[in-house]
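# Structure at a glance
This is what each chain is made of:
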Amino acid sequence: MKHAIITGSSSGFGKLIAIELAKSGYHVTATMRNLKKKDHLLELAAAEKVTDQIQLFQLDVTIDESIQEFKRFVHSLDSVDLLVNNAGYAQGGFSEELEVDTYRKQFETNFFGVIAVTQAVLPFMRQQRYGKIINMSSISGRFGFPGLSAYAASKHALEGYSESLRLELKPFGIDVILIEPGSFKTDIWKSIEAVPMHDQSPYESSMEAIMKELKTAEASYGNPQDVARLVSGIASANSPQLRYPIGKGIKNTLFLKNLLPWKMIEKIVIKKLNM
């Protein structure tokens, strides 16, 4: 039986990906920072009759001791066919008002955490001379947006890392893949909605416009199950491509960014947000 490891499996994409891969015949190690949040995943697994194919593992991708324990676990396995780096969160706020440590925390999870988990699995995959590593990026990894500089920066870094890693690992039969979701109905945006504004912030009106835009976009949020199915399809693909943008309007957005001069793009964004 093929073995998949997924980080950030307690909610959102990770939870659905774990179920979808188990349904596809994988034995899944579903990792999460807090095992107390396992209940919904286990309920879904029971409903889909795949409980026996899912095991839980506590993993905080930002803590070295947890990564070392994860390495020991990996070395106890017979094989690792697929790694899905999904753990992450979205930090909102304007750069002037965010502490540098806030940026560091965003990168610790969204970027350095990915590297730590990947390095734990890579020796195993390299010796096998096969495997797939799917890194969950975002449209924000290709397109910056006001009020999301920390998140966009972490995802841009992930994109560059994944490009280089794919070229390094191709000779060993290992594929590296980026999935770039747009707006989907998951909990990741809750951290943005909870961003406190400083008293008399010069960005208050801009944040109000952004929040209004996010609320408007809720009506067109995609079904996260589509992303889970995409992961399952990539897992069985013989020659997956590097990037898979997914979500309403995402391909058009990327096309226009490549086509239009940046000055025109910024005029469109600023006008849309009434900034």
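Calculation notes
Residues numbered from 1 in each chain as written. Predicted model: local features only at pLDDT ≥ 70, side-chain atom pairs only at ≥ 80, totals over all residues. Heavy atoms only, no water. Core = buried A, V, L, I, M, F, W, Y, C linked by side-chain atoms within 4.5 Å. Buried < 20%, exposed > 50% of the residue type's maximum accessible area, 1.4 Å probe, protein only. Helix = DSSP H or I, 4+ residues; strand = E, 2+ residues; numbered from the N terminus. Contact = heavy atoms within 4.5 Å. Patch = residues over 30% accessible without salt bridge, like charges linked within 9 Å, V, L, I, M, F, W, Y side chains within 5 Å. Areas by Shrake-Rupley, 256 points an atom, 1.4 Å probe, with all protein chains shown as cover. Salt bridge = Lys/Arg side-chain N within 4 Å of Asp/Glu carboxyl O. Lys, Arg positive; Asp, Glu negative; His and termini not counted. Pairing = 2+ DSSP bridges. Axes fitted to C-alpha atoms, helices over the stretch in contact; angles between N-to-C directions.

### A word on the nonpolar core
With 32 residues, the main nonpolar core has Ile5, Phe70, Val74, Val80, Val121 and Ile133 as its most contacted residues. Those elements giving two or more residues to this core turn out to be α3 (64-75), α4 (100-128), α5 (149-169) and β6 (174-181). When residues of this core are assigned to their parent elements, the largest contribution, 11 residues, is made by α4. If we skip the residues at most four places from it in the chain, phenylalanine 70 touches Ile5, Thr31, Phe57, Leu59, Val117, Ala120 and Val121. Ile19, Val28, Leu82 and Ile134 belong to the second-largest nonpolar core, a separate cluster that totals 31 residues.

### Concerning a nonpolar patch on the surface
A surface patch of nonpolar side chains, about 310 Å² in accessible area, is lined by Phe255, Leu256 and Leu259. Here leucine 259 is to be found in helix α9 (residues 250-259). Judged by relative accessible area, leucine 259 falls into the exposed class, the value being 55%.

### Section: the side chain of aspartate 60
Mapped onto the elements, aspartate 60 comes out in the loop between β3 (54-58) and α3. Despite being buried, aspartate 60 has no salt bridge partner; arginine 33 is the closest side chain of opposite charge, sitting 4.7 Å away. Sequence-distant contacts of aspartate 60, that is, excluding residues within four places in its chain, are made with Arg33, Ser66 and Ile67.

### Section: the sheet that holds strand β4 (residues 82-85)
A sheet is described by the order of its strands in space; here seven strands give the open sequence β3-β2-β1-β4-β5-β6-β7, paired in parallel fashion. The open sheet has two edge strands, β3 and β7 (243-246), and neither has a second partner. Each adjacent strand pair in this sheet contributes to an overall mean axis angle of 20 degrees, direction not counted. Here strand β1 (residues 3-6) runs beside β4; their pairing, made up of three bridges, is parallel. Among the inter-strand pairings, alanine 4 is bridged to a residue of β4, identified as leucine 82. Contacts from α3 reach β1, β2 (27-32) and β3 within the one sheet, and its direction differs from that of β3 by about 145 degrees.

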